[in-house]
Amino acid sequence: FFFGMAKRSWSTWAFFLCLWLSINADERVTICKNPDTNPQTITISSLDLPAYFEQGAYLGRCPSEDADSPDVEVPNICSQMSLPVCQCPATYNWLDGEQLCGTHCMAVGEGICYLGHETYGQPSTARCGKWECDFGHVRCRRPDFEPVRAPDCNNQNEDGEDVTVVFSKKGRVRSLHRHLLEVFCFSSTGTPVRCSPPPAESPSASPSESPSASPSESPSPSEFSSPSPAECPYVCEDLPVCQCPEDYDYTSFGEVCDTHCMEQDEYYCHPGKGNSFLPCSRLECGPGQIRCRRPVVDPTAPPPRNPRTFFLARGGESCDDACGAVGTVCDHDLVQEAALSPAHCQDILEHLGKTTHLGGLYEDDSTGCTYHPRAPGWYELFKKDGQSTCSARTEDLDRLRVCACQNLREERHFDDLSELGDQNFCLDASDTVATVQGRVSLGTGAGNGGAFTCNCVELCELHSLTESTVSLTNYENRGATNDFRGTILQITVNFLNTIAGAVFNFDASSALEIHSGGTASFTAAATFTGSGVFRAREGSTVSFSSASTFQIATEVSGQFLVESEQVSFEETVAISGSNAVMQVSGGSRIVASRTVTVSSSSQIRGTSGTIQFDGGLTMASSSVMSLSSTTVSVSVWSASSSTVTIDAGSAMSVAEGAQLDGSTIQGRGGCNMQFTGGLQTTSSTMDLQQSTVGCGHLQMSSSTLSASSSTTVTASQVTFSQTTVQMTSASFTSSGTMSDDGGSLTFTTSTIVVTSTFTSTSSSYSLTGSSMTVTQHTITSTTITLTDVSSQFLLDGSGAGGGSLVGSLASGAVFSGLGFLRHRTGLLRLIAGSTIGCGMQLSPSAQIVRRARALQQTDLTTTNPAVTACGNSIGATTVASG
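What counts and how
Residues numbered from 1 in each chain as written. Predicted model: local features only at pLDDT ≥ 70, side-chain atom pairs only at ≥ 80, totals over all residues. Heavy atoms only, no water. Helix = DSSP H or I, 4+ residues; strand = E, 2+ residues; numbered from the N terminus. Buried < 20%, exposed > 50% of the residue type's maximum accessible area, 1.4 Å probe, protein only. Contact = heavy atoms within 4.5 Å. Areas by Shrake-Rupley, 256 points an atom, 1.4 Å probe, with all protein chains shown as cover. Pairing = 2+ DSSP bridges. Axes fitted to C-alpha atoms, helices over the stretch in contact; angles between N-to-C directions. Core = buried A, V, L, I, M, F, W, Y, C linked by side-chain atoms within 4.5 Å. Phe/Tyr/Trp six-rings, centres within 6.5 Å; stacked < 30°, edge-to-face > 60°. Lys NZ or Arg CZ within 6 Å of the ring centre and 35° of its normal. Patch = residues over 30% accessible without salt bridge, like charges linked within 9 Å, V, L, I, M, F, W, Y side chains within 5 Å. Salt bridge = Lys/Arg side-chain N within 4 Å of Asp/Glu carboxyl O. Lys, Arg positive; Asp, Glu negative; His and termini not counted. Charge placed at Lys NZ, Arg CZ, Asp CG, Glu CD. Disulfide = S-S within 2.5 Å. pLDDT = per-residue confidence, 0-100.

A. Examining the overall build of the chain more closely. Helices and strands together make up the secondary structure of the chain, namely six helices and 73 strands. Residues classed as buried in the chain amount to 49% of the 882 residues present. A fraction of 38% describes how many contacts in the chain between residues 6 or more apart in sequence connect residues 24 or more apart. Total accessible area on the chain stands at roughly 36,800 Å², and carbon and sulfur atoms take up 49% of it.

Next up, the structure:
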């Protein structure tokens, strides 16, 4: 309409004005005559309007008359110069923030002034952009404010473009509220521009010319809105076809209208605004909206409810019920807005076509603004405990509550992925949540953007039909669920989740990657689901201060910090890289139900935390695990070329088995290690100080066991091969058999107990101040040196009968030193080539045989003394006590 009218002459405007007057030929109208000199309110025939307009008159009553009467419509002020001068207190500062405003609201005779209020449904963040005045108050101009009148836009603007003047309304026309006109010009290309102000010395414009707005209150070109037919008549063919949501019904008060208001960027339509109660007669559009014509529609289709406007629910129906019936949700903010005051409630009901004369505020329930049809028409505001809720229902089925709904979904498409950044998804222009679900469709390829915020309270989707890679500086989640399909989202600065219970779902071709220098902060519980991947790249930091769950694979090459609560991994975890760290601290907990792999010099750290690897732990390639006051439980553990340090107050348990290859375990300061399923080492080292180690089958090959400082090692079975054991002030116990082959074992002030059979081949033992007790033994080619008199090797023979063989010293077996070989019970066999070069003590039930005959006195070397028999028989000789 505007683009078509922009090229027409003023005579064309006059023609359409006459056309409109001819349609309304019998109408009586109220005007203000002589507004600048001697204002008078009179009623005339609409046919006489042109003549009065030439003299400067305008529609409506003069501003000085009945300004506070509830039955008087405030006139349409076509010039800010026509506003009365404000009568305000001397302390009133005329400012909106730091912006000096030209027009204000005034309570006549009360000495009260204020900026004004935002228009319903059109929140304003602009300075001096609050146009609405309270009931009975008037709009006025600052005493020193001189509005600049518009030039004749049929000439040229400052840029030399041919332009034509058009007037647009600023704000919503309401009963007992004024509205103002702004002046715009259209260039020859159809672009709206602000009209150039006239030179200071130019004469005053005629009354028919409308001035431009003050600089502080002029809207930007993006706020351009269409005029009403009273100022600029049109034909529908000049209007663009409306692009409205599918559920928009194109009705006003139940009647289908040919023209509507459209806000293209927000995909939003409404019938129009104004203070007429006739169907299809509210023709005003808001800022940023244009008038459009209705497309051809199927009149038989049931008209769904427009989810962005107020409406009356059925009796006994809550707003949740009414909105849910059409696939939307109750707009709590608008429901609250309708219940601000009885005056607000009455105004909304009037705009919904209901005539109301009586009403007030009640506290029976929380249904908010309601309408009752009993004569003479009631507006009733119900706010129990000061609240209006979406779920409240009216008990009186004749009383209808005012509701408003909001769409569930917002759809956007970005072919250029760089445009994805700096988006506030699911928000309206006033930064309030407009929809609870939204989808962003992404084009193919890769792109860089800025910051993206998901405000969709239920669902935010980033989808691509083919794999897209999007790099954003920031991603902030404020919704319940984020769904990624075909999308690899890369974060370079910060990924933030503050919504408890948030879900991030990834399909197999999607991933969330925190890149070098980037951080991800989860201050509220989150769950990662689907079949995609979460990646913390090298140089990144991911921190958790609330319980979270990963049901997708996790790859860590940066820092992964669990600072409180519990983080659970239900899929595999891979930690790799020299700067990769997974750390648990502050009483927090890591639980992994699938395999965790640590490699390439990466680390697992625990400080006052708990780590639970139920799916197993694999360490390789110089990886490190260091624990301090931390408890670690592992189902199956394997480590290759790795180091594990378990410090004071820490405990590690492996349920099913542990295997070390070329690795080192260091135990310190009272730590506890339990290898229930056994421990097998190859070319590895166990360095234990003040430690406790419990083990199933302890198998060490080409390894080193070093234990000291009250360390206790207990195993159900021990097998050493080519292994070095060095124990000082320690205890070593095997509840089953113990065997060694080719080992070197040194015990100092230590205790060794083997409660079953001890088998040693080609090994060497050195006992200093130590005691070794075995139940049975077979010793071949092994030297056992009892270096001092306090050392002993005791063959206990427990449970053996008097003639049962409990020990055998085969060829090459040697006992030497100053200590004693003690034989408690059972039969000890000495095979040729064995040597006892130490003291020997036999208890009363002990027997010694050599080959096939009893040991003879002459077989013994009686020096210092060699044998103490304590009254027993050795062969046929009785050895006296001592």
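B. The arrangement of helix α6 (residues 342-351) in detail. For α6, the buried fraction is high: seven of the 10 residues fall into the buried class. The complete set of buried residues in α6 reads C345, Q346, D347, I348, L349, E350 and H351. Of the residues one or two after α6, G353 is the one with positive phi, at around 85°.

C. Focus on the sheet that holds strand β8 (residues 138-141). A sheet is described by the order of its strands in space; here three strands give the open sequence β7-β6-β8, paired in antiparallel fashion. Strands with a single pairing partner mark the edges of an open sheet, and in this sheet they are β7 (112-114) and β8. Neighbouring strand axes in the sheet, compared pairwise and without regard to direction, differ in orientation by 40° on average. One ladder, built from four bridges, connects strand β6 (residues 103-107) with β8; its direction is antiparallel. Bridging from a neighbouring strand, T103 pairs with R141 of β8.

D. Geometry of the sheet that holds strand β16 (residues 290-293). Spatial strand order, β15-β14-β16: three strands in an open sheet with antiparallel pairing. Edge positions in the sheet fall to β15 (268-270) and β16, since each has one partner strand and no second. The sheet shows a mean angle of 40° between the axes of neighbouring strands, direction not considered. Bridge count between strand β14 (residues 259-263) and β15: three bridges; the pairing is antiparallel. Residue pairing in the sheet places C261 in a bridge with H270 of β15.

E. Focus on unusual backbone geometry. Residue S601 is not a glycine yet carries a positive backbone phi of 65°. Non-glycine residue T749 carries a positive phi angle of around 45°. Inspection of the secondary structure assignment puts T749 in the loop between β61 (744-748) and β62 (751-761).

F. Here's a closer look at the nonpolar core. One finds Y475, F560 and W637 to be the most contacted residues of the largest nonpolar core, which totals 109 residues. With five residues, the single largest contributor to this core is strand β28 (residues 459-477). Counting 13 residues, the second largest nonpolar core, distinct from the first, contains L349, Y379, L381 and V402.

G. The arrangement of the packing of aromatic side chains in detail. Throughout the structure, instances matching the rule amount to 29 aromatic pairs. Note on F528 and F550: the rings are 4.4 Å apart at their centroids and 5° apart in plane angle, and the pair reads as stacked. One end of the pair, F528, is in strand β33 (residues 526-530); the other, F550, is in strand β36 (residues 548-550), and 22 residues separate them in sequence. For F550, a relative accessible area of 0% translates into the label buried. The ring of W378 has R374 lying over it, and the distance from NZ or CZ to the ring centre is 4.6 Å. Between the NZ or CZ atom of R399 and the centre of the ring of F382, over which it lies, the distance is 3.8 Å.

H. Up close: a negative patch on the surface. Residues E363, D364, D385, E395, D396 and D398 make up a contiguous surface patch of negative charge. Relative to the elements of secondary structure, E395 occurs in the loop between β21 (378-382) and β22 (400-406). Under the relative-accessibility criterion, E395 is labelled exposed at 77%.

I. Structural detail: the state of the cysteines. Per the counting criterion, the structure on display carries nine disulfides. Between C88 and C113 runs a disulfide, and the two sulfur atoms are separated by 2.0 Å. The S-S bond linking C88 to C113 shows a torsion near -90°; that makes this disulfide left-handed. With C88 in the loop between β3 (58-59) and β4 (95-96) and C113 in strand β7, this residue pair connects regions lying 25 residues apart in the sequence.

J. Region of interest: the pattern of salt bridges. Considering all chains together, one arrives at 13 salt bridges under this definition. Across the salt bridge formed by R374 and E380, the nearest N and O atoms sit 2.5 Å from each other. For E380, a relative accessible area of 5% puts it in the buried group. Here D483 and R485 are joined by a salt bridge, their closest N and O atoms 3.0 Å apart. A relative accessible area of 7% places D483 in the buried class. Linked through salt bridges whose partners overlap, the residues forming this network are E513, R535, R537 and E555.

K. Quick peek at the environment of I590. The topology assignment puts I590 in strand β42 (residues 589-592). Its relative accessible area of 2% is what places I590 among the buried residues. Residues in contact with I590, not counting those within four places in the same chain, are V562, V567, F569, M582, Q583, V584, T610, I611, Q612 and F613.

L. Seen up close, the environment of A658. You can see A658 is positioned in strand β50 (residues 651-661). Owing to a relative accessible area of 6%, A658 belongs among the buried residues under this scheme. Note: C-alpha distance between A658 and L679 (21 residues apart in sequence) is 4.8 Å. Setting aside its immediate chain neighbours within four residues, A658 contacts W637, F675, G678, L679 and Q680.

M. Spotlight on the confidence of the model for the chain. With 72% of its residues at a pLDDT of 70 or more, the chain has an overall mean of 77. This model gives residues 1-26 a pLDDT under 50, and the stretch forms 45 contacts once residues within four places in sequence are excluded. Counting contacts from residues 861-882, a segment whose pLDDT is below 50, to residues more than four positions away or on other chains yields 35 contacts.

N. The pairing of strand β58 (residues 724-728), seen in detail. Of the two faces of β58, the one holding V725 and M727 is buried and the one holding T724, Q726 and T728 is not buried anywhere. For strand β56 (residues 704-708) and β58, the ladder comprises five bridges, and the chain directions are parallel. Following the sheet pairing, A707 is matched in β58 by M727. Looking at chain direction, β58 and β61 are connected through five bridges and run parallel. In the strand pairing of β61, T728 is matched with T748.

O. Quick peek at the side chain of E317. Looking at the secondary structure, you find E317 in the loop between β17 (310-312) and α4 (319-324). We classify E317 as buried; its relative accessible area is 9%. Excluding residues within four positions of it along the chain, E317 makes contact with A322, A392, R393, T394 and R401.

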